[in-house]
Amino acid sequence: MHPVLFKLGGLTVYSYGFMIALGTVAGVAYMVIRGKKEVGLTFDQANSLFLFIFIAAFAGGKALLFFEDARLYVQHPARLLTGRGFVFYGSFLFAIPTMFWFFKRNKLPTYAMLDIMAVTTCLVHMFGRIGCFLAGCCYGLPTDSIFGVIFTDPACHANPKGVPLHPTQLYESGYIFMVMLVLLYLREKRTFYGQLFLTYLMLYAIGRYALEFFRGDTERGFIIKDYLSHSQFIALAIFVVVVYVYNRWSKRNLISLYKKPI
């Protein structure tokens, strides 16, 4: 694909970073508009929240990447600072407590804000996976299907090049878009605050588990060789925990019992 979007003088604009920036703009816009309407979120609070989440997501994505091959990164620590190499679940697991901390510090209604963040995350992640496709990372296995995409740019990360691969990045981006549509549909029909957030977690875990069977960047590692990857294990764990939390929140956090989001 096209890891480098364009060059302007001495400035190089990379496709992955550009798409992340587009997703961030879309996510912040949704957060500001919806947050102001639902919970009185200010523009400054939205910007601050995104900054803290960005820092936490960067640290988490790199942390989980490090533990997937600690020996490699101890020997070559500079590889952790490249644009390539983020583990989404690492970013997400670090971002969750950061959000809870920020909501409490700014006295924002936690459950209602989580619902807003569910759609916001979809927007950022959806654009981010398109960036992965353009950069050639998070690529799929070789395939003879009509969906196969051939990566030829020497700068892209896909391997092998010149062979049709499953465009798993686009599969995931399309799936996240569908998840977002489900969340937007449920937004006015939810029976408790936090329902959108928990629905997002469950749907994404299901999709990510299935997607891993088509992923070709197997260096991310397996719990059970060829059967259960690290990401699939995390997806299973998250799904089980979220089902339990969904049951508890649905009983104690009913919208009909409150005038305002809790």
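Residues numbered from 1 in each chain as written. Predicted model: local features only at pLDDT ≥ 70, side-chain atom pairs only at ≥ 80, totals over all residues. Heavy atoms only, no water.

## Regarding the overall build of the protein
And step 1. Secondary structure summary: the protein contains eight helices and six strands in total.
And step 2. Counting from the amino terminus, the protein carries its helices and strands in the arrangement β-β-α-α-α-α-α-β-β-α-α-β-β-α.
And step 3. For the protein, the proportion of contacts with a sequence separation of at least 24, taken over those separated by at least 6, is 68%.
And step 4. Carbon together with sulfur atoms contributes 68% to the accessible area of the protein, which is approximately 13,700 Å² in total. (Helix = DSSP H or I, 4+ residues; strand = E, 2+ residues; numbered from the N terminus. Contact = heavy atoms within 4.5 Å. Areas by Shrake-Rupley, 256 points an atom, 1.4 Å probe, with all protein chains shown as cover.)

## Re the pattern of salt bridges
And step 1. Scanning all chains against the criterion turns up eight salt bridges.
And step 2. Salt-bridge contacts for Asp-115 lead to Arg-190; the nearest nitrogen and oxygen are separated by 2.6 Å. Here the residue Asp-115 occupies a position in helix 5 (residues 110–135), and Arg-190 occupies one in the loop between helix 6 (168–187) and helix 7 (195–211), the gap between them amounting to 75 residues.
And step 3. The exposure class assigned to Asp-115 is buried, which follows from its relative accessible area of 1%.
And step 4. Here Arg-190 falls in the buried class, since its relative accessible area comes to 12%.
And step 5. We note a salt bridge from Arg-208 to Glu-212, for which the minimum N-O separation is 2.9 Å. We note that Arg-208, like Glu-212, is buried.
And step 6. When salt bridges with common partners are traced through the structure, they connect Arg-34, Glu-38, Asp-115, Arg-187, Glu-188 and Arg-190 into a single cluster. (Salt bridge = Lys/Arg side-chain N within 4 Å of Asp/Glu carboxyl O. Buried < 20%, exposed > 50% of the residue type's maximum accessible area, 1.4 Å probe, protein only.)

## Here's the deal with the environment of Ile-130
And step 1. Note on placement: Ile-130 falls in helix 5.
And step 2. The sequence separation of Ile-130 and Ser-173 amounts to 43 residues, and the corresponding C-alpha distance is 6.5 Å.
And step 3. In this structure, Ile-130 is in contact with Met-19 and Ser-173, ignoring residues within four places of it in sequence.

## Examining the confidence of the model for the protein
And step 1. When pLDDT is averaged along the protein, the result is 84; 84% of the residues meet or exceed 70.
And step 2. Per-element mean pLDDT across the protein ranges from 64 in helix 3 (residues 70–75) up to 96 in helix 6. (pLDDT = per-residue confidence, 0-100.)

## What to know about a nonpolar patch on the surface
And step 1. Taken together, the side chains of Leu-5, Phe-6, Leu-8, Leu-11, Phe-18 and Leu-22 present a nonpolar region at the surface, about 540 Å² in accessible area.
And step 2. Broken down by element, the nonpolar patch gets its largest block of residues, three residues, from strand 1 (residues 4–8).
And step 3. As for its position among the elements, Phe-18 is in helix 1 (residues 15–39).
And step 4. Looking at Phe-18, the relative accessible area reads 34%, which means it is partly exposed. (Patch = residues over 30% accessible without salt bridge, like charges linked within 9 Å, V, L, I, M, F, W, Y side chains within 5 Å.)

## Details of unusual backbone geometry
And step 1. Note the cis peptide between Asn-159 and Pro-160, where omega equals 5°.
And step 2. Residue position: Pro-160 is located in the loop between strand 3 (149–150) and strand 4 (164–165).
And step 3. Phi is positive for Lys-107, which is not a glycine, with a value near 55°.
And step 4. Along the chain, Lys-107 falls in the loop between helix 4 (88–105) and helix 5.
And step 5. Positive phi, normally seen in glycine, also occurs at Cys-138, with a value near 55°.
And step 6. Tracing the backbone through its elements, the reader meets Cys-138 in the loop between helix 5 and strand 3.
And step 7. Given the relative accessible area of 8%, Cys-138 is considered buried.

## A closer look at the side chain of Glu-38
And step 1. Mapped onto the secondary structure, Glu-38 falls in helix 1.
And step 2. Engagement of the side chain of Glu-38 in a polar contact is seen with the side chain of Arg-34, the distance being 2.7 Å.
And step 3. Reaching out from Glu-38, the side chain makes a polar contact with the side chain of Arg-190 at a distance of 3.2 Å. (Polar contact = N/O pair within 3.5 Å; in protein donor to acceptor, adjacent residues only side chain to side chain.)

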